[in-house]
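Breakdown of the fold
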Amino acid sequence: MTSQHDTKSPATTLDRLAEVRERIARAARDAGRDPKDVTLVCVSKTFPISEIMPVLEAGQLVFGENRVQEALEKWPSLKAGASHLELHLIGPLQSNKARDAVAFFDVIETVDRDKIARAIADEIQRCGRHPRLLVQVNTGAEPQKAGVLPEVADAFLETCRKTYGLEIAGLMCIPPVNDQASPHFALLNRIAARNGLTMLSMGMSGDFELAIQLGATHVRVGSAIFGAR
Ligand SMILES: *Cc1c(COP(=O)(O)O)cnc(C)c1O
């Protein structure tokens, strides 16, 4: 990664961060919600420590990364300077990375199959760390996309609870790029509601206001803050 990243000044990134925060607060108020009930997960994947640091120093303490390995390379030094940091894993998890994921992340948003649920449960037992867990739902039933299909989400949530003893806090989805996002957000909200789940991670740079209108408690925003990847 070269010039594209190097040419952006930190001030510009901080301006965009402030603007995104304002838009989140406005969308929450417009929906009759308390802005405090919507958390910005700042997605820092592909961006180097030097670009993340100013955002962290500006008081943004919740970040998302989509690869375990990349997070392990970037975040130990960043973590050292921030006590209340909350790191979210938002990308697909392989079972051989479950140990690192449970040890390192505060929230794992991509629980989506038995094998991963079991691996996470084993690691929680082993190391005694309890990251909050979300189940990813493939609301558009896209073959290439991770996540459980909507029609088996209830059964999978029950398996997580009963078979693996996992407490699931909520749901996450990534709507198909060419679809209207709102039916996907509404579907995720319904599945969460009927399963008594309170965390809803949905909405990205292009549609976070819509997601907030439809109940998102966490929006995952990358390029609207850091610029294009
Ligand atoms: C990259 C990514 C985001 C952020 O996307 P932007 O469009 O840059 O805001 C959100 N969620 C997931 C799962 C991602 O991989």
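A brief report on the enclosed structure follows. (Residues numbered from 1 in each chain as written. Predicted model: local features only at pLDDT ≥ 70, side-chain atom pairs only at ≥ 80, totals over all residues. Heavy atoms only, no water.)

As a further point, take the overall build of the protein. Counting secondary structure elements, the protein contains 10 helices and 8 strands. For 229 residues, the compact-globule formula gives about 17 Å, and the C-alpha radius of gyration of the protein, at 17 Å, lands near that figure. Counting only C-alpha atoms and orienting by the principal axes, one finds that the protein spans roughly 50 × 40 × 30 Å. Put simply, the protein has 229 residues, and 51% of those count as buried. Taking all contacts inside the protein whose residues are at least 6 apart in sequence as the whole, residues at least 24 apart take part in 59%. Only carbon and sulfur atoms are counted for the fraction: they give 50% of the accessible area of the protein, which is about 10,700 Å². (Helix = DSSP H or I, 4+ residues; strand = E, 2+ residues; numbered from the N terminus. Rg over C-alpha atoms; globule rule 2.2 N^0.38 Å. Buried < 20%, exposed > 50% of the residue type's maximum accessible area, 1.4 Å probe, protein only. Contact = heavy atoms within 4.5 Å. Areas by Shrake-Rupley, 256 points an atom, 1.4 Å probe, with all protein chains shown as cover.)

What follows covers the site of the ligand. If you check the shell around the ligand, you find Val43, Lys45, Ile90, Met172, Ile174, Met204, Ser205, Arg220, Val221, Gly222, Ser223 and Arg229 and nothing else. In the environment of the ligand, an oxygen atom lies 2.8 Å from a nitrogen or oxygen atom belonging to the backbone of Ser223. Arg229 is positioned such that a nitrogen or oxygen atom in its side chain is 2.8 Å from an oxygen atom of the ligand. In isolation the ligand exposes 390 Å². Once the protein is present, 88% of that is buried. The cavity that encloses the ligand is the largest pocket. Tallied by class, residues from the shell around the ligand come to 6 nonpolar, 3 polar and 3 charged. (Near = heavy atom within 4 Å. Polar contact = N/O pair within 3.5 Å; in protein donor to acceptor, adjacent residues only side chain to side chain. 1 Å grid on protein atoms, 1.4 Å probe; cavity = no way out; pocket = protein on both sides within 12 Å on 5 of 7 lines; lining within 4 Å. Sits in = over half its atoms within 2 Å of the grid points. Nonpolar A, V, L, I, M, F, W, Y, C, P; charged D, E, K, R; others polar.)

With that out of the way, let us pick up the layout of surface pockets. Of the volumes computed, that of the largest pocket is approximately 300 Å³. In terms of residue class, the lining of the largest pocket is built from 8 nonpolar, 7 polar and 4 charged. Here the second largest pocket defines a volume of roughly 180 Å³. Lining the second largest pocket, in full, are Ile124, His130, Pro131, Arg132, Leu133, Gly165, Leu166, Glu167 and Ala169. (Points joined across faces, edges and corners; volume = space filled by probe spheres on them.)

On to the packing of aromatic side chains. For the structure on display, the rule yields 3 aromatic pairs. Ring centres of Phe47 and Phe226 lie 4.9 Å apart, and the angle between their planes is 20°; this geometry places the pair in the stacked category. Pair noted here: Phe47 is in the loop between strand 1 (39–43) and helix 3 (49–57) and Phe226 is in helix 10 (residues 223–226), with a separation of 179 residues, a long-range link. Both residues of the pair, Phe47 and Phe226, count as buried. Each ring, one from Phe104 and one from Phe105, has its centre 5.9 Å from the other, and the planes form 80°; the classification is edge-to-face. By relative accessible area, which is 11% here, Phe104 ends up buried. A relative accessible area of 0% means that Phe105 is categorised as buried. (Phe/Tyr/Trp six-rings, centres within 6.5 Å; stacked < 30°, edge-to-face > 60°.)

As a further point, take the state of the cysteines. Note: disulfide means a covalent bond formed between the sulfur atoms of two cysteine side chains. This model, assessed by the stated rule, comprises 0 disulfides. Free cysteine Cys127: the closest other cysteine sulfur is in Cys160, separated by 18 Å. (Disulfide = S-S within 2.5 Å.)

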